[in-house]
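Residues per chain are reported as follows:
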Amino acid sequence: METPIRNEIEQEAAVEAILFAKGSAVPLEDLARALGLEEEEADRIVHAFMEEWNSGEHGTEILELEGSFQMCTRRKYYPELITLELNPKKPRLSGAALEALSIIAYRQPVTKSEVDRIRGVNSDHAINRLIEFDLVCELGRAETPGRPILFGTTQEFLRLFGVSSPSDLPDISPKLEEKFKKEAEQEAGVKVGV
């Protein structure tokens, strides 16, 4: 364990760290315990820090809420936060997820084990992410031992990629298909049958 914080500047910095990291109201007794101080001394330190912090030009302020303290966004910055929330950055798919998506799109309905075999690695995480993004869904079960789940693309996938059905996906050129086949053979160290 670290040595106790001794001077007031370090104690105020600790208060800042605690309030920032906690993200919710912290009771005075918890702050006192964390600082290793009596409640009266902790209260003095917190109020001194609060006065200094709130008089500065920060995007946050410290509020006292019924014997607890919380670091909050200043009201004057709410419009920027609202703008940020109304225009969230769209999540991007990883390379693994894009690989799995292309296999599912062109081979659907397809089982996870088929996707794994084609990719050469486990695709659990990639397929789960595609389901979360509503790009892939379960279409049913295969009529094979174990009845594995069959996956296919969703209407959201069609909308995002601007096609009306999976049959409208662009064909893979024979040259590109041959290139992919050779790359797969080299990676796997085997001859891929047609």
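Owing to the predicted nature of the structure, the values given are computational and were not obtained by experimental measurement.

Rules used in this analysis
Residues numbered from 1 in each chain as written. Predicted model: local features only at pLDDT ≥ 70, side-chain atom pairs only at ≥ 80, totals over all residues. Heavy atoms only, no water. Pairing = 2+ DSSP bridges. Helix = DSSP H or I, 4+ residues; strand = E, 2+ residues; numbered from the N terminus. Contact = heavy atoms within 4.5 Å. Axes fitted to C-alpha atoms, helices over the stretch in contact; angles between N-to-C directions. Phe/Tyr/Trp six-rings, centres within 6.5 Å; stacked < 30°, edge-to-face > 60°. Buried < 20%, exposed > 50% of the residue type's maximum accessible area, 1.4 Å probe, protein only. Core = buried A, V, L, I, M, F, W, Y, C linked by side-chain atoms within 4.5 Å.

Undergrad: Lay out the sheet that holds strand β6 (residues 149–153) with the relevant residues and their values.
TA: Read from one edge to the other, the open sheet built from three strands follows the order β4-β6-β5, with strand pairing classed as antiparallel. Both edges of this open sheet fall to β4 (110–111) and β5 (136–141), since each of them pairs with a single strand only. Summarising the sheet, β4 and β6 pair through two bridges and their orientation is antiparallel. Its bridge partner lying in β6, Thr 111 is registered against Leu 150. Contacts between helix α5 (residues 95–107) and the sheet are confined to β4, β5 and β6, with β6 contributing the most and set at about 95° to the helix.

Undergrad: Tell me about the packing of aromatic side chains, residues and numbers included.
TA: Counting across every chain of the model gives two aromatic pairs. With a centroid separation of 5.6 Å and 40° between ring planes, the pair formed by Phe 49 and Trp 53 is classed as tilted. Of this pair, Phe 49 and Trp 53 both sit in helix α3 (residues 39–55), four residues apart, roughly one helical turn. One exposure class covers both Phe 49 and Trp 53, and it is buried. Ring geometry for Phe 157 against Phe 161: centres 4.6 Å apart, planes inclined by 35°, an arrangement best described as tilted. Within this pair, Phe 157 and its partner Phe 161 are both found in helix α8 (residues 155–161), separated by four residues, close to a single helical turn. A relative accessible area of 45% places Phe 161 in the partly exposed class.

Undergrad: An account of the nonpolar core is needed here, citing residue identities and associated values.
TA: Taken as a class, soluble globular proteins show a tendency for nonpolar side chains to be buried jointly. Leu 101, Ile 104, Val 115, Leu 130, Val 136 and Phe 157 are the most contacted members of the largest nonpolar core, which has 18 residues in total. Among the elements of the structure, α5, α7 (124–132) and α8 are those that each provide at least two residues to this core. Top contributing element to this core by residue count: α5, with six residues. Not counting residues up to four positions away in its chain, the partners in contact with Leu 130 are Leu 93, Ala 97, Ala 100, Leu 101, Ile 104, Leu 135 and Val 136. With 17 residues, the next largest nonpolar core counts Ala 14, Leu 19, Leu 28 and Leu 31 among its residues.

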